[in-house]
Structure formats: structure tokens, C-alpha cells
Amino acid sequence: MDVILIAGFWLDGSSWSAQVPALEAAGHRVHTPTLPGLAPGDSTDVGLPDQIDAIVELIDRIDGPVVLAGHSGGGNVAWGAADARPDRVAHVVFVDSFPPPAGHLINDELPVVDGVIPFPSDRSAYFDDAEFADFTDEMLAEFEANAIPEPARVATDPLILEDERRHAIPVTVLATAFPKEQIEQLIEAGHPMTTELDALAELTIIGLPTSHWPQLTKPEQTAQVLVEAANRAAGTDD
């Protein structure tokens, strides 16, 4: 199975380096694209549709079905690509994210500087402490030093969804900083943010208490979730 790992804000494709070996050992082909606007020399005049288009183009270059995994804001990219190619996507994994409804904005409250969004220097103004669970001081310092400014329009472009066949794609949600129990409660209450979850034919929610970046703070457990989803999509799970 071809597995496309889509990073969230401030990260490039290398952020999945701890998960690639496990997926490859399970026999899968792994793609870790750096989204437009985040590679050296890229224009920062990039919106959410540009990032979705980049993943769609990658899907089109691959023969056969694919598994998509989107972390955080990368979940919007993954779901937009799944909507564009519902016949090609065999499974979508949302890593501390979940499928957003049409029109959803990733985050229009983050501070913009010269057309980009740097990782906020005042973390407490934009993040809860729980989102940094299991980070050591050294890990957090490295994360902040390597954070790549995100093109501003990616955060504020509304997600366009047009093909209801996306709801037939099996979805796994890996809930970390946003707990599994809260997601289930929102679904039960019919919260507007869960309309896509409600519409899915097949949904698995896995709780893994850790930071908002489990690929960094719980790398082995995150890898296992990805391997299980890819194996299931490939029909090789036991």
C-alpha cells in the first residue's frame, strides 16, 4: 500500500521520520511530501487549495489505492484530497485531528507576520499545556528552533468539499491532546464540528494521551496506528 503522510503546521515531511521505518518494514511504500510553501525557496503565496492540489497530484502519480494520514492542519489537506479522489483513497488517518466540515478554517486566530505564521513565541496564548504533554525542554527547544513559518492563507482558506463518496472511506482518528472521550461526547451531542464524523460509514477512534504532536512524543505508538490502518487497507491485517 502507498501511504502518504501529511504534516501539520510548521513541519515538513521529515517530521514523520520515526514512523517511516515501521511502515516500510510492514511492506508499505511511504511518501512524506513537504507541502507547498514550506520547502526552502517556495513562495509563501500559498493557500489551502494549493496544498490539497499537491497531494492530489501525488495520488495521481501513484498506481492503485493510497492511505492518507494528516496531522493537525494536515487533516484538512488530507480530507480535501480524499474528497477530490474518493475512488483512490482506501483509508484516512487523522492524527490529533478529525474530518472537518465544508467551509471549515484551520485557524484564523494565529498571528500573521509578513504573510506567514511563525510558530507563536507566546505559546500559552494559543495552546493549552496539554498540547505539549511528554515534550522535554530539549525537545521543545528543538521543535521551536526548526519550526517553519506557515503560509497565512492556509490557515484561513475555507475547506471546499463536493463529493459525498468521501463518507464511504474508512477513517481512523488518533486522539491525543484532544481526548477520545471528548470527541465521542461531541458526536453524541451532535456538535456542528462532527457532521463529517456522523456521516462516515466506518470510523475508529483511538485514544493515545500525549501531546498534539504524537509522531514526536509517542513515535512508536503513532507508527503502530499507521501500520494497522495501512495493513487494513491492504487487506493484510489479521
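In the block above lies the structure referred to throughout.
Asker: Before we move on, can you summarise the overall build of the protein chain with the specific residues and values?
Answerer: Assigned secondary structure in the protein chain consists of nine helices and eight strands. Taking 18 Å as the expected radius of gyration for a compact globule of 238 residues, we find that the protein chain reaches 17 Å, a close match to that expectation. When the backbone C-alpha atoms are referred to their principal axes, the protein chain occupies close to 45 × 40 × 35 Å. Long-range pairs, those at least 24 residues apart, make up 79% of the contacts in the protein chain between residues at least 6 apart in sequence. Here the protein chain holds 11 positive side-chain charges and 40 negative ones, and the gap between their average locations is 7 Å.

Asker: Please give an account of the packing of aromatic side chains that cites residues and values.
Answerer: Evaluated as defined, the whole model comprises 14 aromatic pairs. Seen in terms of ring centroids, Phe 119 and Phe 143 are 5.3 Å apart; in terms of plane orientation they differ by 80 degrees. Their pairing is edge-to-face. Here Phe 143 lies in helix α4 (residues 137-146) and Phe 119 lies in the loop between β5 (116-117) and α4, a separation of 24 residues in the sequence. Judged by centre distance (6.1 Å) and plane angle (55 degrees), the ring pair of Phe 132 and Phe 135 falls under tilted. With a relative accessible area of 13%, Phe 135 lands in the buried category. The rings of Phe 9, Trp 10, Phe 119, Phe 127, Phe 132, Phe 135, Phe 143 and Trp 213 are connected pair by pair, giving a single aromatic cluster. The side chain of Arg 123 reaches across the aromatic face of Phe 132, ending 5.4 Å from its centre.

Reading the values: the criteria
Residues numbered from 1 in each chain as written. Predicted model: local features only at pLDDT ≥ 70, side-chain atom pairs only at ≥ 80, totals over all residues. Heavy atoms only, no water. Helix = DSSP H or I, 4+ residues; strand = E, 2+ residues; numbered from the N terminus. Rg over C-alpha atoms; globule rule 2.2 N^0.38 Å. Contact = heavy atoms within 4.5 Å. Lys, Arg positive; Asp, Glu negative; His and termini not counted. Charge placed at Lys NZ, Arg CZ, Asp CG, Glu CD. Phe/Tyr/Trp six-rings, centres within 6.5 Å; stacked < 30°, edge-to-face > 60°. Buried < 20%, exposed > 50% of the residue type's maximum accessible area, 1.4 Å probe, protein only. Lys NZ or Arg CZ within 6 Å of the ring centre and 35° of its normal.

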